[in-house]
Amino acid sequence: MTPSVGVVIPTTGKRPEQLRAATRAVLTQDYPGRIDLVVVVDGGDPIAVAEQIADVVAPRSKGDEPHCVRVLPNRLSPGLPGARNTGIAASDTDLVAFCDDDDVWLPGKLAAQSEALGPGADFSSCAIEVEYGTRRVPRLAGLTQVTKADLVRSRMVMVHSSTFVFRRGAYWVDESAPMGQNEDWDLALRAAKRQPIAHVDRPLVRVRWGASQYVTKWADRIAGLEWMLARHPELAVDPRGAARIYGQLAFHHAAMGRRREAGKWALRTFAARAGEPRAPIALAVAAGFVSAPAVLSLLHDRGHGI
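Residues numbered from 1 in each chain as written. Predicted model: local features only at pLDDT ≥ 70, side-chain atom pairs only at ≥ 80, totals over all residues. Heavy atoms only, no water.

Moving on, we get to the overall build of the protein chain. Looking only at helices and strands, the protein chain features 11 helices and 10 strands. Relative to the compact-globule value of 19 Å for 306 residues, the protein chain shows a C-alpha radius of gyration of 19 Å, a close match. Considering only C-alpha atoms, the protein chain reaches an extent of 60 × 40 × 35 Å along its principal axes. Evaluated residue by residue, the protein chain yields a buried proportion of 53% over its 306 residues. Looking at the protein chain alone, contacts between residues at least 24 apart form 78% of all its contacts between residues at least 6 apart. (Helix = DSSP H or I, 4+ residues; strand = E, 2+ residues; numbered from the N terminus. Rg over C-alpha atoms; globule rule 2.2 N^0.38 Å. Buried < 20%, exposed > 50% of the residue type's maximum accessible area, 1.4 Å probe, protein only. Contact = heavy atoms within 4.5 Å.)

Glancing now at the pairing of strand β6 (residues 123–132). Within β6, 9 of the 10 residues are buried, which leaves the element mostly enclosed by the surrounding structure. With 2 bridges connecting them, β6 and strand β9 (residues 165–167) associate as antiparallel partners. For phenylalanine 123, the partnering residue across the bridge sits in β9 and is phenylalanine 166. Bridging between β6 and strand β7 (residues 135–139) involves 5 bridges; their strand directions are antiparallel. Paired with tyrosine 132 across the strands is arginine 135, a residue of β7. Linking two consecutive strands that pair antiparallel, namely β6 and β7, is a turn of 2 residues; a positive phi of about 65 degrees is found at glycine 133 within it. (Pairing = 2+ DSSP bridges.)

Axis angle and axis distance: for two packed helices, these are the angle between their axes and the distance between the axes, and together they describe the pair. At a closest axis distance of 11 Å, the pairing of helix α6 (residues 183–194) and helix α7 (residues 218–231) adopts a crossing angle of 20 degrees. Put simply, α6 runs roughly parallel to α7. Where α6 crosses over α7, the handedness of that crossing is right-handed. The residues of α7 that touch α6, namely those facing Trp185, Asp186, Leu189 and Arg190, are Leu225, Trp227, Met228 and Arg231. Across the contact of α6 with α7, the residue classes break down as 5 nonpolar, no polar and 3 charged. (Axes fitted to C-alpha atoms, helices over the stretch in contact; angles between N-to-C directions. Parallel < 35°, antiparallel > 145°, perpendicular 65-115°, else oblique. Left-handed = near helix turned anticlockwise from the far one by under 90°. Nonpolar A, V, L, I, M, F, W, Y, C, P; charged D, E, K, R; others polar.)

The description of an aromatic ring pair rests on the distance of the ring centres and on the angle between the ring planes. In total, this model carries 8 aromatic pairs according to the counting rule given. With a centroid separation of 5.5 Å and an interplanar angle of 40 degrees, the aromatic rings of tyrosine 246 and tryptophan 265 are classed as tilted. You can see tyrosine 246 sitting in helix α8 (residues 239–255) and its partner tryptophan 265 sitting in helix α9 (residues 259–272), a full 19 residues away along the chain. Assigned by exposure class, tyrosine 246 and tryptophan 265 land together as buried. (Phe/Tyr/Trp six-rings, centres within 6.5 Å; stacked < 30°, edge-to-face > 60°.)

Our focus in this paragraph is the side chain of glutamine 29. Here glutamine 29 lies in the loop between α1 (16–27) and β2 (35–41). Relative accessible area serves as the criterion here: at 5%, glutamine 29 is assigned to the buried category. Of note is the side chain of glutamine 29, whose polar atom sits 3.2 Å from the backbone nitrogen of lysine 109. (Polar contact = N/O pair within 3.5 Å; in protein donor to acceptor, adjacent residues only side chain to side chain.)

Quick look at the pattern of salt bridges now. Per the counting criterion, the structure on display carries 22 salt bridges. Its salt-bridge partner being aspartate 102, residue arginine 15 comes within 3.5 Å of it at the nearest N-O pair. Here arginine 15 is found in the loop between β1 (5–11) and α1, whereas its partner aspartate 102 is found in the loop between β4 (95–98) and β5 (104–105), with 87 residues between them in sequence. A relative accessible area of 4% places aspartate 102 in the buried class. When salt bridges with common partners are traced through the structure, they connect Arg34, Asp36, Arg70 and Asp92 into a single cluster. (Salt bridge = Lys/Arg side-chain N within 4 Å of Asp/Glu carboxyl O.)

Put into structure tokens, the structure is as follows:
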């Protein structure tokens, strides 16, 4: 029997066109099982959000199970983790999947990942297509399984929250994540510690980086990285992974004008791995040679982040 899927889309209701596109892409998946879509409104008006997506119709083939669409308020802690957990708690399906309200699932996504969750796997991801401005860049893992070691060494951007499909009851989002930062990386890492993540290495989700401003919330990003280092000490053990995080911390401090802190983290970056490129970039930002937004724009145009 095809497993039923509860799809959780958190939203504030502030970008209705993107939400409509995300909703339509979920409900038009060629998937014979039941899809229970839960749109969780964090801090906004659920009635207004329900009106935003009211005319998004999901065509269904004869014999397919009907879809269910609900719009609920975030009943747990304010922010993205609480909204996701509200959606999980409201689902009675076999599987749970996440989709951000500014991302779009591509055809075949749900069927491919549901099939990947065979014996010995309870968590799945897929490759993504990063959209920034007019460019779309595929990001592949080159793997069919993502391990703990992979996620310690690299954040692996393709293991993105909008790709997550997992067995209901197996995982919850950690609501202690500061401002919701890195809650998805934490969840994926916890899943990989249990057993490798089943990865479908085809771009089946379009991730729209241009619609989000979270990347420039420097203080929140610093807090999120420090939270991850405290929760997962192994991140500081792998030289490559540690250098990446230290380089990010150097960059974020530099973006805030904290030159001394940026220099301190840059030195730790060089000590962990001399060839880590984020350290010299952070020092260039700290010295005023280039702005942090300009660096991000250049990287995002190539489908990469800092």
